[in-house]
Amino acid sequence: MQDEKPSVVLICHEQDRLDTEGLASWLASSLRLAGLIIIRDPRGRLWRAAKREIRRVGWLRFVDVLAFRAYARLRLAHRDHAWKDAEIARLRGRYPADLDSVPRIVVSSPNSSEARAFMERLQPDLAIARCKVILKQTIFGIPRVGTFVLHPGICPEYRNAHGCFWALTRRDFDRVGMTLLRVDPGIDTGPIFLHGTYAFDEVEESHSIIQWRTVTENLDAIAAILTALWRGDEVTPVAIEERESAVWGQPQLTAYLRWKWDARRRRDASRIPALS
């Protein structure tokens, strides 16, 4: 029966257990997980990312980015980690799989010759890229059906890695979600096959939990679309003509605090009974 499902390789970062365990179990159960390309981030990656962000927003806003990182570590991390542990356990229970038997390779870059040889040996039908690295065509072009991204944001309006954060802080709630798209040579510019969301709680949930849940709450729909594409069924991409497109940077503390303050204010106002 497993041969009647598409084979898939998952590309993800070593420290992201929601991917290496939770999403890997889903893929092994719902599709046919042929292999794991695990990225062990090299030293210097954060510094290179910091320099890119400084060029994007300038030093003053970069201080805002650093302030958010400190705030998240002190105020949000414990609850976020607890939710992630519980979600991994839920996914492992719902999608039971023997991950120890899945071939894997640990690389410093998914574009390395080792990763390419691994992918070429497996010849998967699909690949799922859950990484913060832009893939070269020599990698994303290997799977027969294509390489797909579960993008944390609604494209094309919210491209890059923190789309959910900026949609939330801008109160653009109709565009808080994830995008299933096929990788092309651009950055989050390939054909889109799904926009997924759920009934999030902007007061009680952090932006990280909301961003993760936009993916995990839509796994069955994602698997159905990927399977249909593998079968050769006609799956019409989402129309995005004449829609705005924007690339967003790192989360900033002032934006986060304004969003949470406004969210609580609106919630409290909704609880006040109307005067007769």
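Report on the accompanying structure. (Residues numbered from 1 in each chain as written. Predicted model: local features only at pLDDT ≥ 70, side-chain atom pairs only at ≥ 80, totals over all residues. Heavy atoms only, no water.)

**Regarding the packing of helix α1 (residues 17-30) against helix α7 (residues 219-231)**
Here is step 1: Two elements in contact, α1 and α7, have axes whose closest approach is 11 Å; the angle formed by their N-to-C orientations is 45°. Regarding the angle of α1 to α7, the classification is oblique. For the crossing formed where α1 meets α7, the hand is right-handed. Here Leu23, Trp26 and Ser30 of α1 come into contact with α7, specifically with Leu219, Ile222 and Ala223.
Here is step 2: For the contact of α1 with α7, the per-class residue count stands at five nonpolar, one polar and no charged. (Axes fitted to C-alpha atoms, helices over the stretch in contact; angles between N-to-C directions. Helix = DSSP H or I, 4+ residues; strand = E, 2+ residues; numbered from the N terminus. Parallel < 35°, antiparallel > 145°, perpendicular 65-115°, else oblique. Left-handed = near helix turned anticlockwise from the far one by under 90°. Contact = heavy atoms within 4.5 Å. Nonpolar A, V, L, I, M, F, W, Y, C, P; charged D, E, K, R; others polar.)

**Re the side chain of glutamate 205**
Here is step 1: Residue placement: glutamate 205 occurs in the loop between β7 (192-196) and α6 (207-216).
Here is step 2: Residue classification places glutamate 205 among the buried positions, given a relative accessible area of 10%.
Here is step 3: At 2.6 Å, the side chain of glutamate 205 forms a polar contact with the side chain of arginine 213.
Here is step 4: Excluding residues within four positions of it along the chain, glutamate 205 makes contact with Tyr198, Phe200, Ile210, Arg213, Trp259 and Lys260. (Buried < 20%, exposed > 50% of the residue type's maximum accessible area, 1.4 Å probe, protein only. Polar contact = N/O pair within 3.5 Å; in protein donor to acceptor, adjacent residues only side chain to side chain.)

**Quick look at the pairing of strand β2 (residues 32-39)**
Here is step 1: Most of β2 is tucked away: seven of the eight residues are buried.
Here is step 2: Pairing between strand β1 (residues 7-13) and β2: seven bridges, direction parallel. Directly across from histidine 13, in β2, lies its bridge partner isoleucine 39.
Here is step 3: In the classification by handedness, the crossover that spans β1, the intervening α1 and the parallel β2 is right-handed.
Here is step 4: Bridging between β2 and strand β3 (residues 104-107) involves four bridges; their strand directions are parallel. Paired with leucine 36 across the strands is arginine 104, a residue of β3. (Pairing = 2+ DSSP bridges. Right-handed = clockwise from strand over helix to strand, strands pointing away.)

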